[in-house]
Amino acid sequence: MWGGSFTNMDFGLKKGQSWNIGITPKAGYFIKNNLAVGGYGKVNISKQGTGSTTKTEYGVGAFGRYYASNKDINNLLKHGRFFFEANAGFEGSSQKHEPTTNGFGFGFGPGYSYFITSNVGLEALVKYEGLTGGGNTGYQHDITFAIGLQVYIPSSRVKNAVQNPNQL
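A brief look at the structure comes next. (Residues numbered from 1 in each chain as written. Predicted model: local features only at pLDDT ≥ 70, side-chain atom pairs only at ≥ 80, totals over all residues. Heavy atoms only, no water.)

**Concerning the packing of aromatic side chains**
Part 1 of the argument: As enumerated under the stated definition, the model contains 10 aromatic pairs in all.
Part 2 of the argument: Geometrically, the ring pair formed by Phe104 and Phe106 is stacked, given 5.8 Å between the ring centres and 25° between the ring planes.
Part 3 of the argument: The exposure class assigned to Phe104 is partly exposed, which follows from its relative accessible area of 43%.
Part 4 of the argument: Seen from their ring centres, Phe115 and Tyr152 are 5.3 Å apart, and the 55° between their planes marks the pair as tilted. With a gap of 37 residues between them, Phe115 in strand S6 (residues 101-115) and Tyr152 in the loop between strand S8 (139-151) and helix H1 (155-163) connect regions that are remote in the sequence. (Phe/Tyr/Trp six-rings, centres within 6.5 Å; stacked < 30°, edge-to-face > 60°. Buried < 20%, exposed > 50% of the residue type's maximum accessible area, 1.4 Å probe, protein only. Helix = DSSP H or I, 4+ residues; strand = E, 2+ residues; numbered from the N terminus.)

**Structural notes on the nonpolar core**
One broad trend across soluble globular proteins is that nonpolar side chains are buried collectively.
Part 1 of the argument: Membership of the largest hydrophobic core is limited to nine residues, which are Met1, Ala36, Tyr40, Phe63, Tyr67, Phe83, Phe115, Leu125 and Tyr152.
Part 2 of the argument: Leu125 has contacts with Lys26, Phe83, Glu85, Gly109, Pro110, Gly111, Thr144, Phe145 and Ala146, leaving out every residue within four places of it along the chain. (Core = buried A, V, L, I, M, F, W, Y, C linked by side-chain atoms within 4.5 Å. Contact = heavy atoms within 4.5 Å.)

**Describing the pairing of strand S2 (residues 19-32)**
Side-chain direction in a regular strand flips from residue to residue, so the side chains alternate between the two faces of the sheet.
Part 1 of the argument: Sheet topology places S2 next to strand S3 (residues 35-47); 11 bridges connect them, and they run antiparallel. Opposite Gly22, over in S3, you have Asn44 as the bridge partner.
Part 2 of the argument: Here S2 hands over to S3 after two residues, with Asn34 in that stretch at a positive phi of 70°. (Pairing = 2+ DSSP bridges.)

**Here's the deal with the environment of Ala86**
Part 1 of the argument: Mapped onto the fold, Ala86 is located in strand S5 (residues 80-94).
Part 2 of the argument: What makes Ala86 partly exposed here is its relative accessible area of 34%.

**A few points about the pattern of salt bridges**
Part 1 of the argument: Following the criterion strictly, the structure yields seven salt bridges and no others.
Part 2 of the argument: Across the pair Glu91 and Lys42 runs a salt bridge, and its minimum N-O distance is 3.0 Å. On the criterion of sequence distance, the pair formed by Glu91 in strand S5 and Lys42 in strand S3 is long-range, its members being 49 residues apart. Lys42 carries the same exposure label as Glu91, and that label is buried.
Part 3 of the argument: Among the ionic pairs, Arg65 bridges to Glu123, the shortest N-O distance being 2.9 Å. With a gap of 58 residues between them, Arg65 in strand S4 (residues 54-67) and Glu123 in strand S7 (residues 120-134) connect regions that are remote in the sequence. (Salt bridge = Lys/Arg side-chain N within 4 Å of Asp/Glu carboxyl O.)

**Considerations on the environment of Ile45**
Part 1 of the argument: Locating Ile45 in the fold gives a position in strand S3.
Part 2 of the argument: The exposure class of Ile45 is partly exposed, given its relative accessible area of 33%.
Part 3 of the argument: When the C-alpha positions of Ile45 and Ser93 are compared, they lie 9.8 Å apart, and in sequence the two are 48 residues distant.
Part 4 of the argument: Setting aside residues up to four positions removed in sequence, Ile45 forms contacts with Trp19, Asn20, Ile21, Thr54 and Lys55.

This is the structure:
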């Protein structure tokens, strides 16, 4: 699976209003049915009003996902799957004269993937995210909502592409 999510997109239209944008690219591999593991990167940049400094959030780490099978849950939509995601890695949040933390970042929460084609899923994910470590604040946490897109490539296609690169 390859893809990512866009989080916290907000652009103020009047002078002095806030803005922020973030992206979290992910790549994973299904190690068995309904269970994927992989890596992620994270960048979020924001500014709150006139005269404030820019806040930067960043991170890299690993994630795991468990997809509920359709027989486990009475699925309302035939083309979707519920999942639970957890992540852990090195993350940071910094802004001049504001709470700053760099260290261990983690998150967990439920999501839903609606398949717009057999291999492309439009996803929504709600997560509790925590960050602990050094800086002028030892612990930060919040709840995030992310919308994203994932492309699910069958592993047989990936193996074939690796073994026969000239046939792409």
